[in-house]
Amino acid sequence: MAQYTIRQMELLSGIRASTIRMWEKRYNIFSPQRTDTNIRRYDDNDLRFIINLSLLLKRGFRISKLASMSLEELSDLASKFVSDHRLGNINLEPMITATIQYNETELLKHISEWSEKHGIEYTFENLVLPYLQRLGDLWQTGAITTTHEHFASNVIRNLLSHLYRTCKQPEIGKTTPIIFFLPEGEFHEIGLLYFAYVSKNAGYKTIYLGQSTPIDDVIKCAKDLNCKMVFTSLSSFVSADMDEAFEPMKVALPDVEIIATGHAFTEKSGPSYLTYVSSAQDLMKIIARLDPTIIK
């Protein structure tokens, strides 16, 4: 069973360490083990308890009532709020807990439940992306390790790969394909896979080249296939690097639309010839404008 410091409990639950100590004394909620130097160590059940506790406190429950509940009672009560996403009130705690426990089945269960209710595109943009962003924040603060982050990324990537492989094939009458690639040095392909799936699922032909692809090779591929669109995702580029990387493509393919997404655009805007998208709806609008054969 894993062990957690009080700092990790604070970061994962959003409840201050001083408050956790006070509740231990007042309500006897936790009984952490102590190291030889008297440092608290909490187990998986303690973590589950405080994450569920945090969720219910945000919903207006009182600590005096929750403190007397068992872990099972608390979990049952918290589960009623798992799908409460009104006004952006998304409960990511069960997915975070599943990640910490390396529980792929539980993690996919939450994504599947959302997909059945809201569809894959809504689920990815409103649940999966916030979840991945939350994991990134937790990793940066040291609340989770690199293995947790890699585990979660691989689960999501494998899911998207499956969706991409198994969605419907392009319909007869579609024109040129969209090329999906990451430039050299880029390896974060979750966003690229998602938009490739969106395009293919809409009935459009896609060519998925994947990670770290030389720009010159993409240019040759686009010319050979007479493409109207290429799509990329940028996580680590800065604006100067974008100009240096994509100017040759714009010169060689003046009539090709270069569409991009990714974390690199959160703080800096890219060159004017890159068309940024952040949602499936954005991409469908561009495809519909460039190619009328796209399914309505």
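Residues numbered from 1 in each chain as written. Predicted model: local features only at pLDDT ≥ 70, side-chain atom pairs only at ≥ 80, totals over all residues. Heavy atoms only, no water.

*Asks:* I'm lost on the overall build of the chain in this one. Help?
*Replies:* A count of helical and extended segments in the chain gives 13 helices and seven strands. Sequence separation of at least 24 residues holds for 71% of the intrachain contacts in the chain that already meet a minimum separation of 6. For the chain, the exposed area adds up to about 15,100 Å²; of that, 49% sits on carbon and sulfur atoms. (Helix = DSSP H or I, 4+ residues; strand = E, 2+ residues; numbered from the N terminus. Contact = heavy atoms within 4.5 Å. Areas by Shrake-Rupley, 256 points an atom, 1.4 Å probe, with all protein chains shown as cover.)

*Asks:* What should I look at first to understand the side chain of Glu93 in this one?
*Replies:* Note on placement: Glu93 falls in helix α6 (residues 93-100). Contact partners of Glu93, with chain neighbours within four places excluded, come to Ile51, Leu55 and Lys58.

*Asks:* When you look at the packing of aromatic side chains in this model, what are you seeing that I'm missing?
*Replies:* When we look at a pair of aromatic rings, we describe it by the centre distance and by the angle of the planes. For the structure on display, the rule yields 10 aromatic pairs. Note on Tyr194 and Phe195: the rings are 5.1 Å apart at their centroids and 65 degrees apart in plane angle, and the pair reads as edge-to-face. With respect to class, Tyr194 is no different from Phe195; both count as buried. One aromatic cluster is present, built from ring pairs that chain together Phe124, Phe180, Tyr194, Phe195 and Phe231. (Phe/Tyr/Trp six-rings, centres within 6.5 Å; stacked < 30°, edge-to-face > 60°. Buried < 20%, exposed > 50% of the residue type's maximum accessible area, 1.4 Å probe, protein only.)

*Asks:* When you look at the sheet that holds strand β5 (residues 229-233) in this model, what are you seeing that I'm missing?
*Replies:* Here five strands make up an open sheet; going across it, the order is β4-β3-β5-β6-β7 and the pairing parallel. The sheet is open, and its two edges are formed by β4 (206-213) and β7 (274-276), each paired on a single side. Direction aside, the axes of adjacent strands within the sheet are offset by 25 degrees on average. Sheet analysis places strand β3 (residues 178-183) next to β4, joined by five bridges and oriented parallel. Its bridge partner being in β4, Phe181 is matched across the sheet by Gly210. Sheet contacts for helix α11 (residues 215-225): β3, β4 and β5; angle to β3, the most-contacted strand, approximately 175 degrees. In the packing of helix α13 (residues 280-290) onto the sheet, contacts are made with β3, β5, β6 (257-261) and β7, and the angle to β6 comes to roughly 175 degrees. (Pairing = 2+ DSSP bridges. Axes fitted to C-alpha atoms, helices over the stretch in contact; angles between N-to-C directions.)

*Asks:* Mind showing me how you'd approach the nonpolar core here?
*Replies:* One recurring pattern in soluble globular proteins: nonpolar side chains tend to sit buried together. Judged by nonpolar contacts, the single largest core of 72 residues is most densely connected at Tyr131, Ile156 and Phe231. The element best represented in this core is helix α10 (residues 190-201), accounting for eight residues. Ignoring sequence-local partners within four residues, the contact set of Phe231 consists of Ile178, Ile179, Phe180, Phe181, Leu192, Phe195, Ile259, Thr261, Val277 and Leu283. In terms of nonpolar packing, the next biggest core, distinct from the first, is built from 22 residues, Val218, Phe246, Val256 and Phe265 among them. (Core = buried A, V, L, I, M, F, W, Y, C linked by side-chain atoms within 4.5 Å.)

*Asks:* Even after reading the chapter, I still don't get the pattern of salt bridges, so can you show me in this structure?
*Replies:* Opposite charge on two side chains permits them to pair, given that their charged atoms come into close proximity. Taken as a whole, this structure holds five salt bridges when the rule is applied. Linking Glu189 and Arg157 is a salt bridge whose minimum nitrogen-to-oxygen distance equals 3.9 Å. In this pair, Glu189 is assigned in the loop between β3 and α10 and Arg157 in helix α9 (residues 146-166), connecting sequence segments 32 residues apart. Residue class for Glu189 comes out buried when judged on its relative accessible area of 12%. By relative accessible area, Arg157 is classed as partly exposed at 23%. (Salt bridge = Lys/Arg side-chain N within 4 Å of Asp/Glu carboxyl O.)

*Asks:* What exactly am I supposed to notice about unusual backbone geometry here?
*Replies:* Negative phi is the rule for most residues except glycine; trans is the rule for most peptide bonds. Backbone geometry places Asn38, a non-glycine residue, at a positive phi of 70 degrees. By the element assignment, Asn38 lies in the loop between β1 (33-34) and β2 (40-41). In this structure, Tyr102 takes a positive phi of about 55 degrees despite not being glycine. With respect to the element layout, Tyr102 can be found in the loop between α6 and α7 (104-118).

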